[in-house]
Amino acid sequence: QVQLVESGGGLVQAGGSLRLSCAASDMIYSFNSMGWYRQVPGKQRELVASITNFGGIYYANSVKGRFTISRDSAKSTVWLQMNSLKPEDAAVYFCNAKTIGTEYWGKGTLVTVSS
């Protein structure tokens, strides 16, 4: 069973930065893509950023220019660098990995942004 473990969440002031990490128990090149989702109570989980096995990158419009997704295949780790954080970025952030027909989720890491 693949395990994804997130870390790096916390409390930050608006305008600050955080770097989230997702460590995978399997080699990340075995996944078609990996990504970061976020969820706030009462709302659907939304895709924030993703990176494919071929290096294709997607960002939600709300985070373009502020967030950067990157990976290190040798370390089986994916990062989300979050800059210029806004109160509306506060959420539980989940790491996600997809293969054909299967996806895996981490347990999430909480990001709180104070105004």
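Residues numbered from 1 in each chain as written. Predicted model: local features only at pLDDT ≥ 70, side-chain atom pairs only at ≥ 80, totals over all residues. Heavy atoms only, no water.

(A) Geometry of the side chain of N96. Relative to the elements of secondary structure, N96 occurs in strand β9 (residues 91–99). Other than its neighbours up to four places away in sequence, N96 contacts L4, S33, M34, G35, Y37, E103, Y104 and W105. (Helix = DSSP H or I, 4+ residues; strand = E, 2+ residues; numbered from the N terminus. Contact = heavy atoms within 4.5 Å.)

(B) Main features of the environment of M82. Here M82 lies in strand β8 (residues 77–82). Accessibility expressed as a relative area gives 0% for M82, which makes it buried. A sequence separation of 67 residues divides M82 from G15, and the C-alpha atoms of the two residues are 9.9 Å apart. Ignoring anything within four residues of it in the chain, the contact list for M82 reads G16, S17, L18, L20, R66, F67, Y93 and V111. (Buried < 20%, exposed > 50% of the residue type's maximum accessible area, 1.4 Å probe, protein only.)

(C) Geometry of the sheet that holds β8. Spatial ordering of the open sheet is given by β1-β3-β8-β7, a layout of 4 strands whose pairing is antiparallel. Whereas interior strands pair on both sides, the edge strands pair on one side only; in this sheet they are β1 (4–7) and β7 (67–72). Neighbouring strand axes in the sheet, compared pairwise and without regard to direction, differ in orientation by 15° on average. Pairing of β1 with strand β3 (residues 18–24) involves 4 bridges; the strand directions are antiparallel. Across the sheet, residue L4 finds its bridge partner in β3, namely A24. (Pairing = 2+ DSSP bridges. Axes fitted to C-alpha atoms, helices over the stretch in contact; angles between N-to-C directions.)

(D) Summary view of the pairing of strand β4 (residues 33–39). Counting buried residues along β4, 6 of its 7 residues qualify, which places the element largely inside the surrounding structure. Summarising the sheet, β4 and strand β5 (residues 46–52) pair through 6 bridges and their orientation is antiparallel. The partner of M34 across the bridge, within β5, is I51. Between β4 and β5, which pair antiparallel one after the other, the connecting turn spans 6 residues, and G42 there sits at a positive phi close to 85°. Summarising the sheet, β4 and β9 pair through 7 bridges and their orientation is antiparallel. By the bridge assignment for β9, Y37 is matched with F94.

(E) Spotlight on the pairing of β7. The pairing of β7 with β8 spans 6 bridges and is antiparallel. Looking at β8, one finds that S70 is bridged to W79. Following β7, the chain reverses through 4 residues before pairing antiparallel with β8; S76 in that reversal takes a positive phi of roughly 50°.

(F) Geometry of the state of the cysteines. Following the criterion strictly, the structure yields 1 disulfide and no others. The side chain of C22 participates in a disulfide bridge whose partner is C95; the two sulfur atoms lie 2.0 Å from each other. Here the S-S torsion is close to -80°, and the disulfide linking C22 with C95 is therefore left-handed. Highlighted residues: C22 in strand β3 and C95 in strand β9, separated in sequence by 73 residues. The exposure class assigned to C22 is buried, which follows from its relative accessible area of 0%. (Disulfide = S-S within 2.5 Å.)

Treat this as a map of the structure, not an account of what it does.
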